[in-house]
Amino acid sequence: MTVASLGDQDLELSLLRFLSAELTRGYFLEHNEAKYTERRERVYTCMRIPRELEKLMVFGIFLCLDAFLYVFTLLPLRVFLALFRLFTLPCYGLRDRRLLQPAQVCDILKGVILVICYFMMHYVDYSMMYHLIRGQSVIKLYIIYNMLEVADRLFSSFGQDILDALYWTATEPKERKRAHIGVIPHFFMAVLYVFLHAILIMVQATTLNVAFNSHNKSLLTIMMSNNFVEIKGSVFKKFEKNNLFQMSNSDIKERFTNYVLLLIVCLRNMEQFSWNPDHLWVLFPDVCMVIASETAVDIVKHAFITKFNDITADVYSEYRASLAFDLVSSRQKNAYTDYSDSVARRMGFIPLPLAVLLIRVVTSSIKVQGILSYACVILFYFGLISLKVLNSIVLLGKSCQYVKEAKMEEKLFNPPPASAPGKPPNKSQNKCKPSQEENLSASVTSQPVHPKENVIPLLVASSSDQFLTTPDGDEKDITQESSELKHRSSKKDLLEVDRFTICGNRID
C-alpha cells in the first residue's frame, strides 16, 4: 500500500510539473536572431511587392503606349516626308549614293505593310466570326482561348525577327543591284505575319466579346480563372533575376494588350447599341473585374516568386532602370534603331498587328460623313499627336531620373564592343583595358565596385606577393573565383539580354 501510494504521488507530481511547464514555457527567439530577422524581412518584401511591381507595370505600360501611339501619329508623317523626298529627288540631283536614308526606307516599309494589311482585313467578316464563336460550347471556347494565348506568344517571338530581317535586307549595303530582289520575299513574309497576327488578335477580342455578352457570365468567369493557372505554372519554379525580368516584360505586354482588347470589345458593343452611354455602365463592372483579376494574379505571382527565390523587392527598380536606359539610349544621335523596335525586342510587344486591328474596328464602328465629321477626325488626330508628345516628354524625364538613380550615365557614352559574332574579344585588349570591360559587363543597376571586389584582381596581378601571401592552392581558388565573378556579372547583365519575346515564365 505504501509503495503504490508513493508511485501515485510521483505520477501526480510529474503531471503537475508537465502542465506547469506547458503553461509557463517561454520563447527564446533572441538565440536565433538571424533566422527570424530574415523571416521578418521576407514578410516586408512581400508587402512591398505590390507597390514596386505596379510602379514597373505603369512605367512599362506607358512605354508600350508610346510605341503604340507612334504608329498612328508620327509614322504617317515620317512616311509622308520620305515619299516627298523620293518624288522630289530629281529636282535636287543625286548627291548621295542612297536614294533614301535607312530610317526612311524602314518607315515606308512599315507604312506599306499597314496599308496592305488594313485592306486585307476587310475580307475578314467580324460578324460572321462572332456568331461562329458564340455557337461553340463553353469548354471548347476555353480551350480555344488558351490556344490563342500560346499562339500569340509564339507569333510575338518570331514576328520581330521577321521584321528585323526585312529592315536589314532593305537597308544593308549591296554591291550588285539584283541583290535588292531579296527584299521582295522578306516583304511578303512580313505582310503575311502581320495579317495572321492581326487575325489572331481579332479572334481573341471576339472570344472576349462573346464572354461579355453571355447571359450567365460563365465563360467570363472561366477566362478570368485561367489567369490563376499562371500561378501554378510559375510560382514553384526556380527563377533568377534575368528570368524574372523576362516574365515582368511579358506581363507588361500582356496587360497592355488586354487593355486594347477591352477597348475593342467596348467599341463593338457600343456600336451594337447605337452608342447609348447607358450601356457603357453595363460593361463597366465586367471590365473592372477583368482588370482586377489580372492585377491580383500578377501581384500574387511575383510576391511568391520573389519569396521562394530570395529576391528582394529592389529588383523591380533595377528592371525599371533597364527599360529607362533603353529609352534614353534610343534618343542619342548614334542610336542604332528606333525605340518602338527596342520595346518590341524587350517586351515582345509588336504594335503593327494590334494597330491594324484597331484601325479596322474603329473604321467599321464609326461612320465619318460630312465636313464636321472630318473636322472632328482631324482634331482627334492632333489630340493624339499632343498625347504622344506629352507622353514622350514625361517618359524621357522619368527615364533620365531612373538612370541617374541607378548611376548608369557612363554607360550611355560607352560604345558597345565591336566584335564579330561568335568570336571572343582579343586578349590583349582585355589586359590593356580592364576597367572598360568591367564597366560594359557590369549589371544594369549595380553600384560602384566595392573595395572587397577589387582585392581579387590585385592579388592575382601581383607576381611578388603571390609567393608570400598565397599558396598554390589558394592561388587557383582566387583565379577560379575571379573567373566565376566575371561570369556572374556578365550573366546578370540585364542590358545584354535581348530576347524577351519567348514565353516569359517558362524559362528554367
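So, how was this worked out
- Residues numbered from 1 in each chain as written.
- Predicted model: local features only at pLDDT ≥ 70, side-chain atom pairs only at ≥ 80, totals over all residues.
- Heavy atoms only, no water.
- Salt bridge = Lys/Arg side-chain N within 4 Å of Asp/Glu carboxyl O.
- Helix = DSSP H or I, 4+ residues; strand = E, 2+ residues; numbered from the N terminus.
- Buried < 20%, exposed > 50% of the residue type's maximum accessible area, 1.4 Å probe, protein only.
- Axes fitted to C-alpha atoms, helices over the stretch in contact; angles between N-to-C directions.
- Parallel < 35°, antiparallel > 145°, perpendicular 65-115°, else oblique.
- Left-handed = near helix turned anticlockwise from the far one by under 90°.
- Contact = heavy atoms within 4.5 Å.
- Nonpolar A, V, L, I, M, F, W, Y, C, P; charged D, E, K, R; others polar.

Colleague: Sorry, what's going on with the pattern of salt bridges here?
Modeller: Opposite charge on two side chains permits them to pair, given that their charged atoms come into close proximity. All told, the structure shown has 13 salt bridges when counted by the stated rule. Across the pair Asp 66 and Lys 388 runs a salt bridge, and its minimum N-O distance is 3.4 Å. With Asp 66 in helix α2 (residues 33-72) and Lys 388 in helix α15 (residues 371-405), the pair connects residues that are 322 residues apart, well separated along the chain. With its nearest N and O atoms 2.8 Å apart, the salt bridge here joins Glu 318 to Lys 241. With Glu 318 in helix α12 (residues 315-330) and Lys 241 in helix α10 (residues 241-272), the pair connects residues that are 77 residues apart, well separated along the chain. Owing to a relative accessible area of 17%, Glu 318 belongs among the buried residues under this scheme. We classify Lys 241 as partly exposed; its relative accessible area is 25%. Overlapping salt bridges bring together Glu 54, Asp 251, Arg 255, Asp 298 and Lys 301 as one network.

Colleague: Would you mind going over the packing of α2 against α15 with me for this structure?
Modeller: For any two helices packed against each other, one specifies the crossing angle of their axes together with the interaxial distance. Following both chains from N to C, one finds α2 and α15 inclined at 140°, their axes separated by 9 Å at the closest point. As summarised for this structure, α2 and α15 are arranged oblique, according to the angle between their axes. Note on packing geometry: the crossing formed by α2 with α15 is left-handed. Two secondary-structure elements touch here, α2 through Phe 59, Phe 62, Leu 63, Leu 65, Asp 66, Leu 69, Tyr 70 and Phe 72 and α15 through Tyr 381, Leu 384, Leu 387, Lys 388, Asn 391, Ser 392, Leu 395, Lys 398, Ser 399 and Tyr 402. Each residue belonging to the contact of α2 with α15 can be placed in one class, and the counts come to twelve nonpolar, three polar and three charged.

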